[in-house]
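# Reading the structure
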Amino acid sequence: MFTRDAFVGWLQEKKLMGARCGKCGQVYLPPRPYCPSCRSSEMEWHELSGRGEVAAFTAVHVAPTFMEKQGFGRGKPYATAVVRLQEGPGISARLVGVDAARPEEIKVGTQVEVDFLEVEAEGGKQVDLAFRPAT
Amino acid sequence: MGKLARGVAVVGAGVSRFGAFKEKTSRDLFVESFQDMVNSVDKGFDPGEIEALYLGNFSSDLFEGQGHTAPIMAEWAGIIPAAATRLEDACASGGVALRQGILAVASGAYDLVLVGGVEKMNNLPTEKVTDTLAAASDTLYEASAGFTFPGLYAAIATAYMARYGITPEYFMRVGIKNHNNGKLNPKAQFQTTIRDLLEGRKAKLAAQGKPVPDWQDELDFLRDDSANPVVAWPMRLFDCSPITDGAACLLLVSEEMATRFTDRPVYIIGSGQASDYPLHTRSDLTSLGSARLAARQAYEMAGVTPRDIKVAEVHDCFTVAEVVATEDLGFFAPGEGARAAAEGRTARSGDRPINTSGGLKAKGHPVGASGVAQAVEVFLQLRGEAGARQVPGANLGLTHNVGATGGTCTVHIYERR
Ligand SMILES: [Zn+2]
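Residues numbered from 1 in each chain as written. Chains lettered and ligands numbered in written order. Predicted model: local features only at pLDDT ≥ 70, side-chain atom pairs only at ≥ 80, totals over all residues. Heavy atoms only, no water.

### Description of the environment of threonine 326 of chain B
Residue and element names in this part refer to chain B. Note the cut-off: Note on conventions: DSSP H or I runs of at least 4 residues are helices, E runs of at least 2 residues are strands, and numbering of each starts at the N terminus. Throughout, a contact is declared for two residues whenever any of their heavy atoms are within 4.5 Å.
Tracing the backbone through its elements, the reader meets threonine 326 in helix H11 (residues 319-328). Counting along the chain gives 245 residues from threonine 326 to proline 81, while the straight-line C-alpha distance between them is 41 Å. Contacts of threonine 326, omitting those with residues within four sequence positions, involve Phe331, Phe332, Gly337 and Ile354.

Rendered as structure tokens:
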């Protein structure tokens with residue numbers, strides 16, 4: 001099943017998994033059960049390279065409550081980005097390995113690679129999707 | 001697609017005072033705007049004749065713990081048993097309600113329709129409001145990545161800055177301009193210019209015996225982290241529309257009935273609406289596809305071009321959004337919107353006045369009411385009733401109302417004949 005739960009399950013195993021349409025070959029990230037491109041539901045799991053570039057980003061100072069619980073907010077911003085992957089699809093994810101307090105130094109177009117962020121969340125440790133500047 | 005089966009006119013328009021009102025609920029705000037609308041109908045009418053209400057409201061459920069809001073508004077306005085329907089498309093709820101009201105009259109199903117919008121946002125603490133607004137994005141794949149609502153527009157801003165080589169100061173000028181307009185709008189939440197705020201802050205610090213910063217001008221003030229803190233870089237406090245309580249109402253009738261209500265009806269000659277993907281699925285982050293398509297539909301229906309529009313209320317939930325809107329609507333070429341704003345072309349005295357009401361930035365942004373309140377401003381401008389902020393000779397106006405980051409956009413065009 002190409003659900004949110006399955007996607008998050010793969011992340012816990014530190015794998016960035018999308019869905020690939022068996023009929024037309026379109027790759028979807030996040031995964032989905034139905035291909036709007038050719039209207040097929042013959043999906044298969046497809047591991048992405050995790051390489052891409054920053055299409056847009058921000059440094060958040062007024063944080064949502066779940067990020068405040070992780071210690072972020074006023075005085076401790078975090079960066080998050082829209083990342084365009086080499087395989088085509090884009091996704092929203094945290095941007096790490098950059099200084100969120102100096103956003104003018106972060107550049108659109110920066111080459112990034114996937115990172116699996118271990119965070120303390122309600123109910124224990126979990127792995128969140130992130131990207132960092134490529135080495 | 002593209003033609004209304006019969007013409008539709010606006011014959012009344014009203015808006016509540018916008019602001020933060022501890023003691024007022026949605027129904028109080030709605031009744032206030034309803035009475036303002038009734039009083040605006042030149043020849044008077046019996047509100048009991050209203051056949052239907054289309055109500056824009058984003059989230060009375062989360063903001064006030066009240067669902068099923070439309071019949072409650074109808075009851076308090078005294079129009080039961082009119083068919084009351086609530087529309088929810090985030091910040092475009094009001095524009096979508098307006099479009100549904102237009103389609104209902106154009107179809108012949110109704111002759112007399114009330115379009116309303118209402119949002120009561122100040123019951124919750126700011127963090128909860130931030131969470132509630134984030135629910136208008138893709139909660140599974142955007143909000144979960146730490147994107148707040150300002151954060152998503154901030155991302156659009158970084159893409160725009162990188163593509164066109166501009167700085168955040170260009171966005172700040174939009175806020176300065178909209179506050180200049182808001183000062184002239186007696187219904188606005190902020191009837192103060194940025195210059196007023198700067199001088200006020202200086203005076204306050206001096207009175208407290210604290211060191212007074214040497215701000216040279218508005219931009220100097222807006223660049224200062226202490227005066228204008230970053231919310232989601234590059235969007236700062238004065239780039240963001242406020243948390244607002246407010247409501248707005250319009251009375252729509254079929255074109256052939258219009259002169260029964262007034263000798264100065266405002267005709268709706270164009271209407272468009274379209275949808276778009278979340279940001280991360282778009283190929284271009286510097287433009288809203290839904291806005292471009294809705295605008296094209298509205299211009300084609302109206303048979304006018306962007307050059308013909310004399311006044312426009314556009315969706316400036318964030319300053320960058322106004323810049324992008326003026327390009328998506330065809331007022332300026334891609335990449336020229338920021339420079340046009342900096343050159344004063346979108347000021348009241350410019351060749352392309354935008355957001356004479358103060359916009360969402362200064363007038364305030366009661367989410368579900370904003371799309372309707374935009375139409376109220378255009379109604380006033382086209383009838384020469386906009387007071388100190390009147391644009392001389394305005395005979396053709398436009399409203400542009402966006403849901404979240406353009407998942408929804410409606411565009412409407414209005415004419416005074
Ligand atoms: Zn397919």
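### Considerations on the interface of chain A and chain B
So the rule is basically this: Defined here as a combined quantity, buried area equals the accessible surface (1.4 Å probe) lost by two parts on assembly, summed across both. The term salt bridge refers to a side-chain nitrogen of Lys or Arg lying within 4 Å of a carboxyl oxygen of Asp or Glu. As used in this structure description, the phrase polar contact means that two N or O atoms lie within 3.5 Å; if the pair is within protein, one of them must be able to donate a hydrogen and the other to accept it, and residues adjacent in sequence are counted only when both atoms belong to side chains.
Contact residues are listed per partner, giving 30 residues for chain A and 28 residues for chain B. Buried surface at the junction of chain A and chain B, summed over both partners, amounts to about 2400 Å²; 62% is from carbon and sulfur atoms. Across the contact surface, chain A and chain B share zero salt bridges. Along the contact surface separating chain A from chain B lie 13 residue pairs in polar contact (both at pLDDT 80 or more).

### Quick notes on the packing of aromatic side chains
The geometry of an aromatic ring pair comes down to the distance between the two centres and the angle between the two planes. What counts here: Note on aromatic pairs: the rings of Phe, Tyr and Trp (six-membered ring only in Trp) are paired at centre separations within 6.5 Å, and the planes decide the class, stacked below 30 degrees, edge-to-face beyond 60, tilted for the rest. Criterion for a charge above a ring: Arg CZ or Lys NZ at most 6 Å from the ring centre, at most 35 degrees from the ring normal.
Inspection of every chain in the model, using the stated rule, returns 14 aromatic pairs over all chains. An aromatic cluster is present here, built from Phe2, Trp10 and Trp45 of chain A joined pairwise through their rings. Sitting above the plane of the phenylalanine 72 of chain A ring, lysine 76 of chain A keeps its charged end 4.6 Å from the centroid. Taking NZ or CZ as reference, arginine 417 of chain B lies 4.0 Å from the ring centre of tyrosine 267 of chain B, over its face.

### A look at the packing of helix H4 (residues 93-106) of chain B against helix H14 (residues 367-382) of chain B
A packed helix pair is summarised by two numbers, namely the angle formed by the two axes and the spacing between the axes. Residues and elements named next belong to chain B. Operational definition: Axis definition: a line fit to C-alpha positions, over the contact stretch in the case of helices; interaxial angles, taken between N-to-C directions, run 0 to 180 degrees. Angle categories: roughly parallel below 35 degrees, roughly antiparallel above 145, roughly perpendicular from 65 to 115, and oblique for all the rest.
The geometry of H4 relative to H14 is characterised by a closest axis approach of 5 Å and an angle of 60 degrees between their N-to-C directions. Between H4 and H14, the angle is such that the two are oblique. From H4, Ser93, Gly94, Gly95 and Leu98 reach across to H14, where they touch Gly368, Gly371, Val372 and Ala375.

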